[in-house]
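Close look at the chain arrangement
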Amino acid sequence: MLELLWRQWGRLGVLGSVGGNGTRMVLDPEALLVFTAWFGRNDQRLYDAAASWLVRYSRLVSLPRLKAVCRRARVKDTRSLGYLASLVAEHGDGSWGRLASAWTPEPDAARGMNAEPMFPASARMPEADARAAEFGFLRNTFLLEEKKVAPELPRGAATLLMSLRGHVGCTARAEMLLLLLLSPCCRLQELVDRSGYARASVFEAVNELLLGQVVERHALAARGGEYSLRNAARWRALLDAPPRCAFPRWHCLYDALGLVWNGISNPRLDSLSEQTFHGELRRVMDSGARRMFLHAGIPGLVHVDADNVQDLPGLLLKLD
């Protein structure tokens, strides 16, 4: 799971990450950030590299969408997200300050015995991070590492959504264009479900694109009709988009991985029989992980279940 995160952050411009052969999958920066804020705490180097990236590219991350993705995530760490938001605000992007405040715990809960190490090796620290203490964490002082972040976003499928945001703004319009670029046509409800934005925001964005003759509507008997992108080939050329890109439901994959990790990392399972352990794993799968693997829409992972979960690490290594 950590190697998957390293590869994905590398696709977005974190230098020195684990390499790969390239991808045709568009990454979801908000879902990746929510998952990294939680699971990235297992690797301080990864966590701080992602934080440095966020400081540089914060204006290409959608705050409304980040809040929406966080709300529906099954596994998350809002205190860690609040800490990351506070770092961005501290380094110049004041729009993140309100988000940091919303995820700041009550003062009494963030001090004293309630404080916990942010990373596994945080017990011995030469200098504590006062900002982290506000969120109930113990860690050494965060140092912004600009040299570990590419000065420009890499070109390719992975950064296609962020490139669109650079062209049309960090609003729902970018998601609408991406989804319509990757599909011949979409119904309005599909755009709502896939974008992560509220229906009103999607409806407004689609109407703006219709008025600008960027998209066209095909009236059908079904409510809302269908929408398609005009001049899709020109958009692809403008964005240098590889053919046959895909935009998986990354939040489903991250939630599935989180549920499986929480299930198998429980220390009490060490003393259980293999049969009981397998039963617990089946319970985790039946509680939602199996459905999330299926709905993520990633080839190779749609068939993951309790009987073949031992193949999951190898499948993640091939996810490139």
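Look up a bit, the structure's there.
Fair warning: this is a prediction, and the values are worked out from it, not measured in the lab.

**Considering the packing of helix α9 (residues 172–182) against helix α10 (residues 188–195)**
Each packed pair of helices is defined by two parameters, the angle between the axes and the distance between the axes. Contact geometry for α9 and α10: axes closest at 10 Å, N-to-C directions at 115°. Classified by the angle between their axes, α9 and α10 sit roughly perpendicular to one another. Seen from above, α9 lies across α10 with right-handed handedness. Contact residues: α9 offers Glu 175, Met 176, Leu 179 and Leu 180, while α10 offers Leu 191, Arg 194 and Ser 195. Looking at the contact of α9 with α10 residue by residue, the class counts come to four nonpolar, one polar and two charged.

**Concerning the pattern of salt bridges**
A full pass over the atoms with the stated rule returns 18 salt bridges. With a shortest N-O distance of 3.2 Å, Glu 116 and Arg 41 are connected by a salt bridge. One end of the pair, Glu 116, is in strand β1 (residues 116–117); the other, Arg 41, is in the loop between α2 (29–39) and α3 (44–57), with 75 residues separating them in the sequence. For Glu 116, a relative accessible area of 27% gives the class partly exposed.

**Comments concerning the layout of surface pockets**
One number sums up the size of the largest pocket: a volume of about 270 Å³. For the largest pocket, the lining is made up of 15 residues, of which Met 1, Ile 264, Leu 312, Pro 313 and Leu 316 are closest to its centre. Secondary structure elements with two or more residues in the lining of the largest pocket: α1 (2–12), α13 (250–264), α14 (274–295) and α15 (312–317). Class assignment of the residues belonging to the lining of the largest pocket gives a composition of 13 nonpolar, one polar and one charged. Forming the walls of the second largest pocket are Arg 72, Arg 74, Arg 249, His 251, Cys 252, Asp 255, Arg 291, Met 292 and His 295. Contributing elements (two or more residues each) for the lining of the second largest pocket: α13 and α14. Partitioning the lining of the second largest pocket into residue classes produces two nonpolar, two polar and five charged.

**Focus on the packing of aromatic side chains**
Following the criterion strictly, the structure yields 10 aromatic pairs and no others. Between the aromatic rings of Phe 35 and Tyr 254, the centroid separation amounts to 4.8 Å while the plane-to-plane angle is 10°, which identifies the pairing as stacked. With Phe 35 in helix α2 and Tyr 254 in helix α13, this residue pair connects regions lying 219 residues apart in the sequence. With a relative accessible area of 2%, Phe 35 lands in the buried category. Residue classification places Tyr 254 among the buried residues on the basis of a relative accessible area of 3%. In textbook terms, an aromatic cluster arises when at least three aromatic residues are bridged by ring pairs, as seen for Phe 35, Trp 38, Phe 39, Trp 250, Tyr 254 and Trp 261.

**Let's talk about the nonpolar core**
Ranked by internal contacts, the top residues of the largest apolar core, which has 105 residues, are Trp 9, Trp 53, Trp 96, Leu 191, Trp 250, Leu 253 and Phe 293. Here the element with the most residues in this core is α3; it accounts for nine residues. In contact with Trp 53, other than residues within four places in its own chain, are Trp 9, Leu 12, Gly 13, Val 14, Val 61, Val 149, Leu 153 and Met 162.

**Let's talk about the pairing of strand β5 (residues 226–229)**
On a regular strand, each side chain points to the face opposite its neighbour's, so the side chains alternate between the two faces of the sheet. On β5, burial covers both faces: Glu 226 and Ser 228 on one face and Tyr 227 and Leu 229 on the other are all buried. Direction of pairing for strand β3 (residues 186–187) relative to β5: antiparallel, over a ladder of two bridges. Its bridge partner lying in β5, Cys 186 is registered against Tyr 227. The sheet contact formed by strand β4 (residues 215–218) and β5 spans four bridges and is antiparallel. By the bridge assignment, Val 215 is partnered in β5 with Leu 229.

**Quick look at the sheet that holds β5**
The strand order across the open sheet built from three strands is β3-β5-β4, with neighbouring strands paired in antiparallel fashion. For this open sheet the edge positions go to β3 and β4, each flanked by a neighbour on one side alone. Contacting β4 and β5, helix α11 (residues 199–211) runs over the sheet at an angle of about 105° to β4.

**Let's talk about the environment of Leu 87**
Structurally, the position occupied by Leu 87 is in helix α5 (residues 78–90). Classification of Leu 87 by relative accessible area gives buried; the value is 3%. Ignoring anything within four residues of it in the chain, the contact list for Leu 87 reads Ala 51, Val 55, Arg 131 and Phe 142.

**A word on the side chain of Asp 129**
With respect to the element layout, Asp 129 can be found in the loop between β1 and α7 (130–134). Buried and unpaired, Asp 129 has Arg 139 as its nearest opposite-charge partner, separated by 4.2 Å. One polar contact links Asp 129 to Tyr 83, side chain to side chain, over a distance of 2.9 Å. Residues in contact with Asp 129, not counting those within four places in the same chain, are Tyr 83, Arg 139, Asn 140, Thr 141 and Phe 142.

The rules behind each value
Residues numbered from 1 in each chain as written. Predicted model: local features only at pLDDT ≥ 70, side-chain atom pairs only at ≥ 80, totals over all residues. Heavy atoms only, no water. Axes fitted to C-alpha atoms, helices over the stretch in contact; angles between N-to-C directions. Helix = DSSP H or I, 4+ residues; strand = E, 2+ residues; numbered from the N terminus. Parallel < 35°, antiparallel > 145°, perpendicular 65-115°, else oblique. Left-handed = near helix turned anticlockwise from the far one by under 90°. Contact = heavy atoms within 4.5 Å. Nonpolar A, V, L, I, M, F, W, Y, C, P; charged D, E, K, R; others polar. Salt bridge = Lys/Arg side-chain N within 4 Å of Asp/Glu carboxyl O. Buried < 20%, exposed > 50% of the residue type's maximum accessible area, 1.4 Å probe, protein only. 1 Å grid on protein atoms, 1.4 Å probe; cavity = no way out; pocket = protein on both sides within 12 Å on 5 of 7 lines; lining within 4 Å. Points joined across faces, edges and corners; volume = space filled by probe spheres on them. Phe/Tyr/Trp six-rings, centres within 6.5 Å; stacked < 30°, edge-to-face > 60°. Core = buried A, V, L, I, M, F, W, Y, C linked by side-chain atoms within 4.5 Å. Pairing = 2+ DSSP bridges. Lys, Arg positive; Asp, Glu negative; His and termini not counted. Polar contact = N/O pair within 3.5 Å; in protein donor to acceptor, adjacent residues only side chain to side chain.

Without other data, these values stay purely geometric and don't point to any function.
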